[in-house]
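# Inside the fold
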Amino acid sequence: DAGVTQSPTHLIKTRGQQVTLRCSPKSGHDTVSWYQQALGQGPQFIFQYYEEEERQRGNFPDRFSGHQFPNYSSELNVNALLLGDSALYLCASSSRDRVKFYGYTFGSGTRLTVV
Amino acid sequence: EDKVVQSPLSLVVHEGDTVTLNCSYEVTNFRSLLWYKQEKKAPTFLFMLTSSGIEKKSGRLSSILDKKELFSILNITATQTGDSAIYLCAVESRAGGTSYGKLTFGQGTILTVHP
């Protein structure tokens, strides 16, 4: 059973560059959420996608954008990278159907380092 | 603004000890409270609690929710070195006016179990 898969696992970028992170949700899940986890902190909600639309968003600037594809996979894009964007980026998938809902399944994350 | 606070932030015990991890929350439109274990990258699901006063158990781990006092505890009995990890408490809340949920995490409790 394929869980949530994220790519790449590690990434090093220079300030000002742009980055794209990818996520494939668990089989049977249709909703993808993205979280940023800074060192020593709990994950923070970035945004959530369902039916290819952003449904809700946390307190992150417009430099953070995303996309969801018809197969439910998703991308997170970050423009004009800052040193403070260095973090573990986690993707979580879930089912919109509350009858089938049983929590959120997380991927192993992408470790982004901005230098 | 939704808020989740965990205590203690770190805990060092010896194998065989029993530990209690605490989580208090203030959120609007509460849906569920979830506990995760994070060892390296991917938080792995432990429990989801929606009803007050009903204990969930899985082996040596158990958890209970008090919706009146807005807190939850996670108990681990007969700890083992393999229990060493970060334990994350997250509260799922529903975005106002919609049925979309998101997670707000606490900072996590770092548990270290010595042989």
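Here, the structure is the one placed above.
Described in the following lines is the structure provided in the data block. (Residues numbered from 1 in each chain as written. Chains lettered and ligands numbered in written order. Predicted model: local features only at pLDDT ≥ 70, side-chain atom pairs only at ≥ 80, totals over all residues. Heavy atoms only, no water.)

For chain B, the count of helices and strands is zero helices and 11 strands. The secondary structure elements of chain B, listed N-terminal to C-terminal, are β-β-β-β-β-β-β-β-β-β-β. Compactness check: chain B gives a C-alpha radius of gyration of 14 Å against a globular reference of 13 Å for 115 residues, within 12% of the reference. Projected onto the principal axes, the alpha-carbon positions of chain B cover approximately 50 × 30 × 20 Å. Expressed as a percentage of its 115 residues, the buried residues of chain B come to 46%. Once local pairs closer than 6 in sequence are excluded, the contacts in chain B between residues at least 24 apart make up 56%. (Helix = DSSP H or I, 4+ residues; strand = E, 2+ residues; numbered from the N terminus. Rg over C-alpha atoms; globule rule 2.2 N^0.38 Å. Buried < 20%, exposed > 50% of the residue type's maximum accessible area, 1.4 Å probe, protein only. Contact = heavy atoms within 4.5 Å.)

Moving on to the packing of aromatic side chains. Going through the model one piece at a time under the given rule, you end up with 11 aromatic pairs over all chains. Arranged with centres 5.4 Å apart and planes meeting at 90 degrees, the rings of phenylalanine 47 of chain A and tyrosine 49 of chain A form a pair that is edge-to-face. Given a relative accessible area of 5%, tyrosine 49 of chain A falls into the buried group. When the centroid spacing of 5.2 Å and the interplanar angle of 85 degrees are considered together, the rings of phenylalanine 106 of chain A and tyrosine 36 of chain B count as edge-to-face. Here phenylalanine 106 of chain A, found in strand E10 (residues 105–106), pairs with tyrosine 36 of chain B, found in strand E4 (residues 30–38), and the two come from separate chains. The pair formed by phenylalanine 106 of chain A and tyrosine 36 of chain B is uniform in burial state, with each residue classed as buried. Taken together, the aromatic side chains of Tyr35, Phe45 and Phe106 of chain A together with Tyr36, Phe45 and Phe105 of chain B make up a single cluster linked through ring pairs. (Phe/Tyr/Trp six-rings, centres within 6.5 Å; stacked < 30°, edge-to-face > 60°.)

Our next topic: the pattern of salt bridges. Counted by the stated rule, this structure contains eight salt bridges over all chains. Arginine 22 of chain A is the partner of glutamate 75 of chain A in a salt bridge, and the nearest nitrogen-oxygen pair spans 3.4 Å. You can see glutamate 75 of chain A sitting in strand E8 (residues 74–78) and its partner arginine 22 of chain A sitting in strand E3 (residues 19–24), a full 53 residues away along the chain. Residue glutamate 92 of chain B pairs with arginine 31 of chain B through a salt bridge whose shortest N-O separation is 3.7 Å. Pair noted here: glutamate 92 of chain B is in strand E9 (residues 85–94) and arginine 31 of chain B is in strand E4, with a separation of 61 residues, a long-range link. Side by side, glutamate 92 of chain B and arginine 31 of chain B carry an identical accessibility label, which is buried. (Salt bridge = Lys/Arg side-chain N within 4 Å of Asp/Glu carboxyl O.)

Residue and element names in this part refer to chain A. Strands sit in the order E1-E3-E8-E7 across an open sheet of four strands; the sheet is antiparallel. Either end of the sheet is taken by a strand with one partner, and the two such strands are strand E1 (5–7) and strand E7 (64–68). Within this sheet the neighbouring strands show an average axis-to-axis angle of 20 degrees, counted without direction. With five bridges connecting them, E3 and E8 associate as antiparallel partners. Following the sheet pairing, cysteine 23 is matched in E8 by serine 74. (Pairing = 2+ DSSP bridges. Axes fitted to C-alpha atoms, helices over the stretch in contact; angles between N-to-C directions.)

Okay, the side chain of asparagine 75 of chain B next. All names here are of chain B. Within the element layout of this structure, asparagine 75 appears in strand E8 (residues 71–76). At a separation of 2.5 Å, a polar atom in the side chain of asparagine 75 contacts the side chain of threonine 20. The contact partners of asparagine 75, leaving out residues within four places of it in the chain, are Val19, Thr20, Arg60, Leu61 and Ser62. (Polar contact = N/O pair within 3.5 Å; in protein donor to acceptor, adjacent residues only side chain to side chain.)

A few words on the environment of threonine 81 of chain B. All names here are of chain B. Among the secondary structure elements, threonine 81 is positioned in the loop between E8 and E9. Taking C-alpha positions, threonine 81 is 4.9 Å from valine 113, a pair spaced 32 residues apart along the chain. Apart from residues lying up to four places away in sequence, threonine 81 is in contact with Glu15, Val113, His114 and Pro115.

Further remarks concern the nonpolar core. Counting residues in each nonpolar core, the largest one holds 21 residues, and the members touching the most others are Tyr25, Leu33, Trp35, Tyr87 and Leu111 of chain B. Looking at this core, the elements that each hand over two or more residues are strand E3 (19–26), E4, strand E5 (43–49), strand E7 (61–66), E8, E9 and strand E11 (109–114) of chain B. Leu21, Leu76, Leu81 and Tyr89 of chain A belong to the second-largest nonpolar core, a separate cluster that totals 20 residues. (Core = buried A, V, L, I, M, F, W, Y, C linked by side-chain atoms within 4.5 Å.)

So, on to the side chain of asparagine 77 of chain A. All names here are of chain A. As for its placement among the helices and strands, asparagine 77 is situated in strand E8. Judged by its relative accessible area of 15%, asparagine 77 falls in the buried class. Within the local environment of asparagine 77, its side chain forms a polar contact with the side chain of threonine 20, the two groups lying 2.6 Å apart. With residues near it in sequence (within four places) discarded, asparagine 77 still touches Gln18, Val19, Thr20, Arg63, Phe64, Ser65 and Gly66.

Interpretation in functional terms is not warranted from these geometric data alone.
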